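The residues making up each chain are set out below.
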Amino acid sequence: MNSEFITSVPYLHTERLMLREYRREDFDAFAAHLADPVSAAHLVPADRHAAWRIFCSQAGLWLIHGAGWWAVEERETGQLVGNVGAFFREESTVMELGWNTYRAFWGQGFANEAAAAALNHALEIRREPKVRAVIASANESSLRVAKRLGMTYEAETEIYGKVVGIYTRERGCSAV
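Figured I'd write up the structure that's included with this text. (Residues numbered from 1 in each chain as written. Predicted model: local features only at pLDDT ≥ 70, side-chain atom pairs only at ≥ 80, totals over all residues. Heavy atoms only, no water.)

**Considerations on the overall build of the chain**
- Check the secondary structure of the chain and you find 4 helices and 8 strands.
- The order of α-helices and β-strands along the chain, N terminus first, is β-β-α-α-β-β-β-α-β-α-β-β.
- Computed over the C-alpha atoms, the radius of gyration of the chain is 15 Å, within 12% of the 16 Å expected from 2.2 N^0.38 for a compact globule of 176 residues.
- Considering only C-alpha atoms, the chain reaches an extent of 40 × 35 × 30 Å along its principal axes.
- Here the chain holds 176 residues, and 49% of them are scored as buried.
- Long-range pairs, those at least 24 residues apart, make up 59% of the contacts in the chain with a sequence separation of at least 6.
- Each charge class in the chain can be summarised by its mean position, and for the 19 positive and 22 negative side chains these summaries are 2 Å apart. (Helix = DSSP H or I, 4+ residues; strand = E, 2+ residues; numbered from the N terminus. Rg over C-alpha atoms; globule rule 2.2 N^0.38 Å. Buried < 20%, exposed > 50% of the residue type's maximum accessible area, 1.4 Å probe, protein only. Contact = heavy atoms within 4.5 Å. Lys, Arg positive; Asp, Glu negative; His and termini not counted. Charge placed at Lys NZ, Arg CZ, Asp CG, Glu CD.)

**Some words on the sheet that holds strand β1 (residues 12-13)**
- In space, the 8 strands of this open sheet follow the order β1-β2-β3-β4-β5-β6-β8-β7, with mixed pairing throughout. At either end of the open sheet lies a strand with only one pairing partner, and these are β1 and β7 (152-159).
- Pairing between strand β6 (residues 130-135) and strand β8 (residues 162-170): 6 bridges, direction antiparallel. Residue pairing in the sheet places Ala133 in a bridge with Tyr167 of β8. (Pairing = 2+ DSSP bridges.)

**Focus: the layout of surface pockets**
- Roughly 1400 Å³ of internal volume is contained in the largest pocket.
- Forming the walls of the largest pocket are 50 residues, and the residues nearest its centre are His42, Leu43, Trp69, Trp99 and Asn100.
- Listing elements by their share of the lining of the largest pocket, those giving two or more residues are α1 (27-35), α2 (48-65), β4 (80-87), β5 (95-101), α3 (110-125), β6, α4 (140-148) and β8.
- Considered class by class, the residues forming the lining of the largest pocket number 27 nonpolar, 16 polar and 7 charged. (1 Å grid on protein atoms, 1.4 Å probe; cavity = no way out; pocket = protein on both sides within 12 Å on 5 of 7 lines; lining within 4 Å. Points joined across faces, edges and corners; volume = space filled by probe spheres on them. Nonpolar A, V, L, I, M, F, W, Y, C, P; charged D, E, K, R; others polar.)

**So, the environment of Ala115**
- Looking at the element boundaries, Ala115 is found in helix α3.
- Each C-alpha atom, one on Ala115 and one on Ala146, is 8.7 Å from the other, the two residues being 31 residues apart in sequence.
- In contact with Ala115, not counting residues within four places along its chain, are Val84, Leu97, Trp99, Val145 and Leu149.

Structure below.
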């Protein structure tokens, strides 16, 4: 785990997306996503005040760990379509991937594309030996993304009172 103090967020580019730092103007869409019971069904739903704490915490992870969450912007339109992270939980030494696409952009492959860029950054740029994602068994769309990324089921755990599966991929293992 890289513990060096980093104050900048690397930009990642894909064919259609740019992964960049969180900006103040991103917050309304972020808060709306967490307040929407459909969008946040597999997350911890949050009112605007809690969403602000989560937003700032995710942005601040870059300062603590040199890893964190990116805003995902469609390159052609500049629209914010979601967020993706390659980050560490408090007591974990294994980098975790997370992805969310805002509901208006579901079904367009943005989660796959953004998560693949974050995975590549974790394994190939940071040289993390292993990454994981924690996914509820009912979250079929995220399970499909994990499978496309070449992640495999490892174990079950509990986060925020919910049972979730841990899906992992090691550096050197290729996607399916």
